[in-house]
Amino acid sequence: MSLPMQILLRHAGKQPPAPGQPGIFALGGNGVLERFFRDSGLIDVRTRVVRASLRLANASVALQMMQEAFGAYRAVVSDLSEAARADAWAEVADCIRQFETGSGFEAEAEFLIGSGAKAG
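A brief look at the structure comes next. All figures in this text were calculated on a predicted structure; none of them were measured in a lab. (Residues numbered from 1 in each chain as written. Predicted model: local features only at pLDDT ≥ 70, side-chain atom pairs only at ≥ 80, totals over all residues. Heavy atoms only, no water.)

Quick notes on unusual backbone geometry
Even without a glycine there, the phi angle at Asp 44 is positive, about 50°. Structurally, Asp 44 is set in strand E1 (residues 42-56). For Asp 44, a relative accessible area of 47% puts it in the partly exposed group. (Helix = DSSP H or I, 4+ residues; strand = E, 2+ residues; numbered from the N terminus. Buried < 20%, exposed > 50% of the residue type's maximum accessible area, 1.4 Å probe, protein only.)

This is the structure in structure tokens:
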């Protein structure tokens, strides 16, 4: 997820948001989610990293999913001309081909799962 975002940000001439700022990785910095929960008054705060495999037919299907389902990606390049967006997405397509195997597209994803209880 981060490699395509880095490519799109570069094409758009934008910097990634700092940890804790809005964005698809906003809560991923060390301790950010835990602080957010505690600052919101939650107790017994716990986080856990969960890894999952993303398996699709091929990189073209993965690219289509990124373009259609991931609004954060589209937003990054929304101000670019149609040709510039096409160039950015073409570079993303080249990048994600590295995750194609003999059985299709396979990439690992990492999710940060958090929980807390309301005090009192």
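Quick word on the sheet that holds strand E3 (residues 104-118)
By definition, the strands of a sheet pair up through backbone hydrogen bonds, in either a parallel or an antiparallel sense. Read from one edge to the other, the open sheet built from three strands follows the order E1-E3-E2, with strand pairing classed as antiparallel. Edge positions in the sheet fall to E1 and strand E2 (100-101), since each has one partner strand and no second. Both E1 and E3 contribute to a ladder of 13 bridges, which runs antiparallel. In the sheet register, Leu 42 faces E3, and the bridge partner there is Lys 118. Against the sheet, helix H3 (residues 59-69) engages E1, E2 and E3, with an angle of about 140° to E1. (Pairing = 2+ DSSP bridges. Contact = heavy atoms within 4.5 Å. Axes fitted to C-alpha atoms, helices over the stretch in contact; angles between N-to-C directions.)

A word on the pattern of salt bridges
According to the stated counting rule, one finds four salt bridges in the structure shown. The shortest N-O distance in the salt bridge between Glu 91 and Arg 10 comes to 2.2 Å. Note that Glu 91 is positioned in helix H5 (residues 82-96) and Arg 10 in helix H1 (residues 2-12), a separation of 81 residues in sequence. Judged by relative accessible area, Glu 91 falls into the partly exposed class, the value being 26%. (Salt bridge = Lys/Arg side-chain N within 4 Å of Asp/Glu carboxyl O.)

Honestly, that's just the spatial picture; any functional story needs more than this.
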